[in-house]
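Observations on the three-dimensional arrangement
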Amino acid sequence: MSNNNNTEEKISLPNLETDRLYLRERTVADAEAVFEYASLPEVSWPAGFPPVKTVEDEVYYLEHVLPKRNADHHLPSGYGICFKGTDKVIGSVDFNLRHADDVLEMGYTLHPDYWGQGMITEAAQALIDLGFTQLGLHKIEIGCYDYNVGSRRVAEKLGFTLEATIRDRKDAQGKRCADLRYGLLKSEWEKHHGSI
Ligand SMILES: CC(C)(COP(=O)(O)OP(=O)(O)OC[C@H]1O[C@@H](n2cnc3c(N)ncnc32)[C@H](O)[C@@H]1OP(=O)(O)O)[C@@H](O)C(=O)NCCC(=O)NCCS
């Protein structure tokens, strides 16, 4: 019964282009490419999940787990990140949690070969713009562990405000750390991007 009919509830998003990137939905055909980075502990643990063990596990995730999560929480399908002119997925940017009808939480991952080049900031900005202009969002949130300097810096560069430091939580490996909560209101986004 886990083979459900989630596709009926699917919320698809348009493909997007940024200066350097092409954002499109991930499918089962991307399993090997996604596995290349989702199997790496330095990517998976800070993002909150154990390294994916096999390509078959990645296939199952893309075919069943991700669509079910999106359907259950009424979340849009999200994006695989590719370089323009290529079709290989090197990362992801998604809304992965729904806090209210108009408040979604964003998550992101990237293959380490491409860290530190502003890729996630560029991709996340495109998703934020879409969220406020086309999805009717009022607020977008980001959660990250306090030791995740790269993710904290992405949130800051995108104009998010640190709203809470939830002390003494555990990360995905059970290590104590603070859980940081960032938020960006549509009104704050409009100040930088002009009203729609
Ligand atoms: C976090 C992550 C998504 C960032 O992606 P990215 O494309 O490298 O991000 P950007 O290049 O847009 O920005 C990263 C910023 O953090 C800075 N940074 C990264 N690691 C850092 C460190 N250890 N110390 C100081 N600054 C650091 C970079 O210099 C850059 O800031 P700058 O533009 O001011 O120089 C990527 O590292 C990743 O996939 N990590 C593993 C998964 C993960 O943590 N996901 C987020 C879960 S909340």
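For clarity, every value in this text was computed on a predicted model and none was experimentally measured. (Residues numbered from 1 in each chain as written. Predicted model: local features only at pLDDT ≥ 70, side-chain atom pairs only at ≥ 80, totals over all residues.)

**Brief notes about the overall build of the protein chain**
If you tally the helices and strands in the protein chain, you get six helices and eight strands. Going residue by residue from the N terminus, the α and β elements of the protein chain occur as β-β-α-α-α-β-β-β-α-β-α-β-β-α. Relative to the compact-globule value of 16 Å for 196 residues, the protein chain shows a C-alpha radius of gyration of 16 Å, a close match. Principal axes of the C-alpha set define a box for the protein chain whose edges measure 45 × 40 × 35 Å. The buried share of the protein chain, reckoned over its 196 residues, is 30%. Restricting to contacts in the protein chain with at least 6 residues of sequence separation, those with at least 24 account for 61%. (Helix = DSSP H or I, 4+ residues; strand = E, 2+ residues; numbered from the N terminus. Rg over C-alpha atoms; globule rule 2.2 N^0.38 Å. Buried ≥ 20, exposed ≤ 12 C-beta atoms within 10 Å, placed from the backbone. Contact = placed C-beta atoms within 7 Å.)

**Some remarks on the nonpolar core**
Counting 45 residues, the largest nonpolar core has I81, V93, M106, A123 and A124 as its most contacted members. With seven residues, the single largest contributor to this core is helix α4 (residues 119-133). Leave out the neighbours within four places in its chain, and A124 touches V93, M106, Y108, V154 and L158. (Core = buried A, V, L, I, M, F, W, Y, C linked by C-beta atoms within 7 Å.)

**So, the site of the ligand**
What surrounds the ligand is a group of 21 residues, the closest being P46, I120, T121, G150 and R153. At the level of elements, α2 (41-47), β5 (103-110), α4 and α5 (149-157) are the ones that each hand at least two residues to the shell around the ligand. No other element matches α5, which puts five residues into the shell around the ligand. A per-class count over the shell around the ligand returns 11 nonpolar, nine polar and one charged. (Near = placed C-beta within 6 Å. Nonpolar A, V, L, I, M, F, W, Y, C, P; charged D, E, K, R; others polar.)

**A look at the environment of G48**
Within the element layout of this structure, G48 appears in the loop between α2 and α3 (55-72). A residue is classified by how many C-beta atoms lie within 10 Å of it, and G48, with 15 of them, is partly exposed.

**Examining α4**
Its 15 residues give α4 an end-to-end C-alpha distance of 21 Å, which sits within 8% of 21 Å, the value for a rise of 1.5 Å per residue. Residues of α4 that are buried: M119, I120, A123, A124, L127, I128, G131 and F132. (Expected span 1.5 Å × (residues − 1).)

**Re the environment of N15**
Counting through the fold element by element, N15 comes out in the segment before β1 (16-17). The sequence separation of N15 and Y61 amounts to 46 residues, and the corresponding C-alpha distance is 21 Å. Once residues within four sequence positions are removed from consideration, N15 is found in contact with L23 and R24.

**Here we look at the UniProt feature "domain: N-acetyltransferase" (unreviewed entry) in the protein chain**
In the numbering used here, UniProt assigns the feature "domain: N-acetyltransferase" (unreviewed entry) to residues 38-187. The span residues 38-187 shows a helical share of 35% and a strand share of 33%, and its end C-alpha atoms are spaced 34 Å apart. (UniProt positions renumbered as here; feature names shortened; annotations may be inferred.)

**Re α3**
When the terminal C-alpha atoms of α3 are compared, their 25 Å separation across 18 residues agrees well with the 26 Å that a helix rising 1.5 Å per residue should span. The largest bend along α3 measures about 45 degrees and falls at Y61. Those residues of α3 lying buried are E58, Y61, L62 and N70. Considering only its buried residues, α3 is in contact with α1 (31-38). Positive backbone phi, approximately 55 degrees, marks H74, located one or two places after α3. (Bend = angle between axes of the 7 residues up to and from the residue.)

**Concerning unusual backbone geometry**
Here the phi dihedral of H74 falls at roughly 55 degrees; this positive angle occurs in a residue that is not glycine. Summarising the element assignment, H74 is placed in the loop between α3 and β3 (79-83). Owing to 11 C-beta atoms within 10 Å, H74 belongs among the exposed residues under this scheme. If you check the backbone angles, D168 has positive phi at about 55 degrees while not being a glycine.

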